[in-house]
Amino acid sequence: MNFQSVVEDVKGRVETLSGHSQKVAEISIESLKQAGDVVVGGYKSLLNENTTAAKEIYSAAVSSFEKAKTDGLKAIAADPISYLPATDTLVAPFSQTVTVVSRTGEELYKVVKTGVETIQAQLTGKSPAAKVAKAAKATTKKAAATVKKAVKAAEKAAE
């Protein structure tokens, strides 16, 4: 091989890699935008729910304080638990937070997974749809085998 053919070969490979890199960068930026939208949506949802919960807790605390003020120390000492806010008022925001955070995490995982699969497909030249079609075909075969077994079992039971 002469020097010119080596240069041409390297130039062709660099152009190919440059094209792949540009497509990977575009996919990565799009995935980051989607991930940002998911995180911002989850944050807004969490903020709204916790703000509402804080208002409810504050309202309950104020009403408990007013009740305690009117009832006096003897009534408070006799039954202190009746002056506390309901447990639902305190526990519900925590449950909502866990739900929102886990839902946001699942959505974020799906976005990142899709982005990574798209990048892998771009680099390998295989489309993600081919993987989905292959998985669907395997699932269909498994379902057909399960149905056949169920039919055979039903026939034996009928005898």
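Model, not experiment: these values are computed from the prediction.

Trainee: Would you mind going over the overall build of the protein chain with me for this structure?
Mentor: Of regular secondary structure, the protein chain possesses four helices and zero strands. The order of helices and strands in the protein chain, counted from the N terminus, is α-α-α-α. Looking at the protein chain as a whole, 13% of its 159 residues qualify as buried. Contacts spanning at least 24 positions in sequence make up 72% of the contacts within the protein chain whose residues lie at least 6 apart. In the form shown here, the protein chain has an accessible surface area of approximately 12,400 Å², with 65% of it arising from carbon and sulfur atoms.

Trainee: Looking at this model, I keep getting lost on the packing of helix 1 (residues 3–71) against helix 3 (residues 87–124). Mind explaining?
Mentor: For any two helices packed against each other, the geometry is given by the interaxial angle and the distance between the axes. Taken N-terminus to C-terminus, the directions of helix 1 and helix 3 make an angle of 175 degrees; their axes are 10 Å apart at the nearest point. As far as their axial angle goes, helix 3 and helix 1 are roughly antiparallel. Here the residues of the contact of helix 1 with helix 3 are counted per class, giving 16 nonpolar, 14 polar and five charged.

Trainee: Please clarify how the pattern of salt bridges should be interpreted in this entry.
Mentor: A pair can form between side chains of opposite charge whenever their charged atoms are brought close. This model, assessed by the stated rule, comprises one salt bridge. Residues D9 and R13 are paired through a salt bridge, measuring 3.6 Å at the closest nitrogen-oxygen approach. Of the two residues, D9 and R13 are both situated in helix 1; the distance of four residues between them amounts to about one turn of the helix. Taking relative accessible area as the criterion, D9 reaches 35% and is therefore assigned partly exposed.

Trainee: Looking at this structure, I do not really get helix 3. What am I missing?
Mentor: The α-helix advances 3.6 residues per turn, and as a result positions three or four apart in sequence lie on the same side. When the terminal C-alpha atoms of helix 3 are compared, their 55 Å separation across 38 residues agrees well with the 56 Å that a helix rising 1.5 Å per residue should span. Within helix 3, burial applies to T89, P93, V100, T104, V111, G115, I119 and A121. One or two positions beyond helix 3, positive phi appears at G125, with a value near 85 degrees.

Trainee: When you look at helix 1 in this model, what are you seeing that I'm missing?
Mentor: Over its 69 residues, helix 1 runs 98 Å from end to end, which matches the ideal 102 Å to within 8%, given 1.5 Å per residue. Taken together, the buried positions of helix 1 are occupied by V24, I27, S31, A35, V38, G42, S45, L46, A53, A60, S64 and A68. Packing partners of the buried residues in helix 1 comprise helix 2 (73–78) and helix 3. In the stretch just after helix 1, G72 is the one whose phi turns positive, near 95 degrees.

Trainee: Explain the side chain of T89 here, please?
Mentor: Mapped onto the elements, T89 comes out in helix 3. What makes T89 buried here is its relative accessible area of 19%. Residues in contact with T89, not counting those within four places in the same chain, are E56 and I57.

Trainee: Sorry, what's going on with the packing of aromatic side chains here?
Mentor: Ring pairs (aromatic) are described by centroid distance and by the angle formed between their planes. For the coordinates displayed, the defined rule picks out zero aromatic pairs. Sitting over the ring of Y83, K67 keeps its end group 5.1 Å from the ring centre.

Trainee: I keep staring at the confidence of the model for the protein chain and nothing clicks. Help me out?
Mentor: Caution applies to low-pLDDT parts of the model: their predicted coordinates are not meant to be read in detail. Taken over all residues, the pLDDT of the protein chain has a mean of 80, while the share at 70 or more is 79%. Predicted confidence in the protein chain is weakest over helix 4 (residues 128–158), with a mean pLDDT of 58, and strongest over helix 3, with 87.

Trainee: Before we go on, may I ask you to explain a nonpolar patch on the surface in this structure?
Mentor: A surface patch of nonpolar side chains, amounting to about 230 Å² of accessible area, comprises V6, V10 and V14. By the element assignment, V10 lies in helix 1. Owing to a relative accessible area of 46%, V10 belongs among the partly exposed residues under this scheme.

Trainee: What am I meant to see in the side chain of S31 here?
Mentor: With respect to the secondary-structure elements, S31 resides in helix 1. A residue is classified by how much of its surface remains accessible, and S31, at 15% relative accessible area, is buried.

Cut-off values and rules
- Residues numbered from 1 in each chain as written.
- Predicted model: local features only at pLDDT ≥ 70, side-chain atom pairs only at ≥ 80, totals over all residues.
- Heavy atoms only, no water.
- Helix = DSSP H or I, 4+ residues; strand = E, 2+ residues; numbered from the N terminus.
- Buried < 20%, exposed > 50% of the residue type's maximum accessible area, 1.4 Å probe, protein only.
- Contact = heavy atoms within 4.5 Å.
- Areas by Shrake-Rupley, 256 points an atom, 1.4 Å probe, with all protein chains shown as cover.
- Axes fitted to C-alpha atoms, helices over the stretch in contact; angles between N-to-C directions.
- Parallel < 35°, antiparallel > 145°, perpendicular 65-115°, else oblique.
- Nonpolar A, V, L, I, M, F, W, Y, C, P; charged D, E, K, R; others polar.
- Salt bridge = Lys/Arg side-chain N within 4 Å of Asp/Glu carboxyl O.
- Expected span 1.5 Å × (residues − 1).
- Phe/Tyr/Trp six-rings, centres within 6.5 Å; stacked < 30°, edge-to-face > 60°.
- Lys NZ or Arg CZ within 6 Å of the ring centre and 35° of its normal.
- pLDDT = per-residue confidence, 0-100.
- Patch = residues over 30% accessible without salt bridge, like charges linked within 9 Å, V, L, I, M, F, W, Y side chains within 5 Å.

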